[in-house]
Amino acid sequence: MHLPVTAALLIGQGVAAAAPALPAPESACIAEAMRAADHLGAGFWPGWSTAPFAVLLVTDSVEFLLTHPAPSPEFVPTGERFREAPVHCRPRVFPVGLQATMPAVGGVPTIVIGTLANTGLSPAEWTVTLLHEHFHQVQMGAPDYFAGVEALGLSGGDPSGRWMLDYPFPYADARVAAALAAYQLALGAALVAPDVPAALAACAEARAALYALLAPPDARYLALQLWQEGFARYIEHRALHHLARQGWQ
């Protein structure tokens, strides 16, 4: 990895005056996402307003840390401020296209996200992704979250949470893919079914067929992802619905 000269001076000598600048497009999107989160308010979801909205923006050579309550020592201030808090940076560590939330800095659940160009997202999609990831920060703020996840026995000793992204779930298994698709169809049909008990029974049958194909660790991983990612995806839609209903602009 090769850093620009200014960034290398910054990291090597702690000279804030030589710091790289926070990219303006991503800075605007982060500000918009945080403004939307503020507008939704504490009543939107338990813990929504108290979970730290810490963001690590990953550029090609430098990572910028924003609104983090306790930056770790390898970060140095850039001299900029964001939402009245100092911006910090370090040489890039994470992949440039990453979109995830994990205790990446100082044990604090932090949104780690690449730039607009490196994630391939539009500004609107990128902004909504931040709200999605902020809900993961809410989830991780539960007192039993990390202990519960570790109890699944899937991490392999990785405390960072990266194992969730790299877990070898059998997505390529044709039988698993077909069973997962059937479960999805059953769940979708249940939303509009006139006979609710029958629809729920069909969902339970499809779910049992899917889980019967999975090894116990894979079943535990799927259950975690259905809860963790399923709720976060729901929050995306619920947040946009609330904002639209409230006339937010």
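Worth saying up front: this structure is predicted, and the values here are computed from it rather than measured.

K.L.:
How would you summarise the packing of aromatic side chains if you had to cite specific residues and measurements?
P.N.:
By the definition in use, this model includes 10 aromatic pairs. Measuring from ring centre to ring centre gives 6.1 Å for W45 and F231, while their planes differ by 70 degrees; the resulting arrangement is edge-to-face. Linking W45 in the loop between α2 (24–40) and β1 (55–58) with F231 in helix α9 (residues 216–245), this pair joins segments that are 186 residues apart in sequence. Measuring from ring centre to ring centre gives 6.3 Å for Y145 and W227, while their planes differ by 35 degrees; the resulting arrangement is tilted. Of this pair, Y145 sits in helix α5 (residues 145–151) while W227 sits in helix α9, and the two are 82 residues apart along the sequence. You can call W227 partly exposed: its relative accessible area is 37%. Directly above the aromatic system of Y211 lies the positively charged group of R207, at a separation of 4.3 Å from the ring centroid. The ring of F44 has R238 lying over it, and the distance from NZ or CZ to the ring centre is 5.3 Å.

K.L.:
Report on helix α7 (residues 174–190), specifying residues and quantitative values.
P.N.:
With 17 residues, α7 extends 24 Å between its outermost C-alpha atoms, agreeing within 8% with the 24 Å of an ideal straight helix rising 1.5 Å per residue. Among the residues of α7, those classed as buried are V176, A179, Y183, A186 and A190. Here the buried residues of α7 occupy an arc of 90 degrees about the axis, which is enough to place them on one side. Exposed residues lying more than 90 degrees from the buried face of α7 are A174, Q184 and L185. Turning to α7, the residues buried within the fold contact α8 (196–211) and α9.

K.L.:
Quick one: what's the story with the pattern of salt bridges, residue by residue and with numbers?
P.N.:
Using the criterion set out here, one finds seven salt bridges in the structure. Note that E32 is salt-bridged to R35, the shortest N-O span being 3.4 Å. Taken as a pair, E32 and R35 lie in helix α2 at a separation of three residues, close to a single helical turn. Of the residues examined, E32 reaches a relative accessible area of 30% and is grouped as partly exposed. In this structure, D166 and R162 form a salt bridge, with 4.0 Å as the shortest nitrogen-oxygen distance. Given a relative accessible area of 23%, R162 falls into the partly exposed group. Sharing partners across several salt bridges, the network here consists of E63, E74 and R90.

K.L.:
Could you give an account of the sheet that holds strand β2 (residues 62–66), with specific residues and numbers?
P.N.:
Taken together, six strands build an open sheet; the order of strands is β3-β4-β2-β1-β6-β5 and the sheet is mixed. Of all strands in the sheet, those bounded by a partner on one side alone are β3 (76–82) and β5 (99–105). The mean inter-strand angle of the sheet, taken between neighbouring strand axes irrespective of direction, is 30 degrees. Of the strand pairs in this sheet, β1 and strand β6 (residues 108–114) are connected by four bridges, and their pairing is parallel. Residue pairing in the sheet places V58 in a bridge with G114 of β6. Strand contacts of α2: β1, β2 and β3, with the helix running at about 60 degrees to β3, the strand carrying the most contacts. Its contacts with the sheet place helix α4 (residues 123–140) against β1, β5 and β6, and it is angled at close to 160 degrees to β6.

K.L.:
Lay out the packing of α7 against α8 with the relevant residues and their values.
P.N.:
The N-to-C vectors of α7 and α8 enclose an angle of 165 degrees; their axes lie 9 Å apart at closest approach. The angle between α7 and α8 falls in the class roughly antiparallel. Between α7 and α8 lies a crossing of left-handed hand. Contacts between α7 and α8 involve V176, A179, L180, A182, Y183, A186, L187 and A190 from the former and A199, A202, C203, A206, R207 and L210 from the latter.

Cut-offs applied
Residues numbered from 1 in each chain as written. Predicted model: local features only at pLDDT ≥ 70, side-chain atom pairs only at ≥ 80, totals over all residues. Heavy atoms only, no water. Phe/Tyr/Trp six-rings, centres within 6.5 Å; stacked < 30°, edge-to-face > 60°. Helix = DSSP H or I, 4+ residues; strand = E, 2+ residues; numbered from the N terminus. Buried < 20%, exposed > 50% of the residue type's maximum accessible area, 1.4 Å probe, protein only. Lys NZ or Arg CZ within 6 Å of the ring centre and 35° of its normal. Expected span 1.5 Å × (residues − 1). Arc of directions from axis to C-beta. Contact = heavy atoms within 4.5 Å. Salt bridge = Lys/Arg side-chain N within 4 Å of Asp/Glu carboxyl O. Pairing = 2+ DSSP bridges. Axes fitted to C-alpha atoms, helices over the stretch in contact; angles between N-to-C directions. Parallel < 35°, antiparallel > 145°, perpendicular 65-115°, else oblique. Left-handed = near helix turned anticlockwise from the far one by under 90°.

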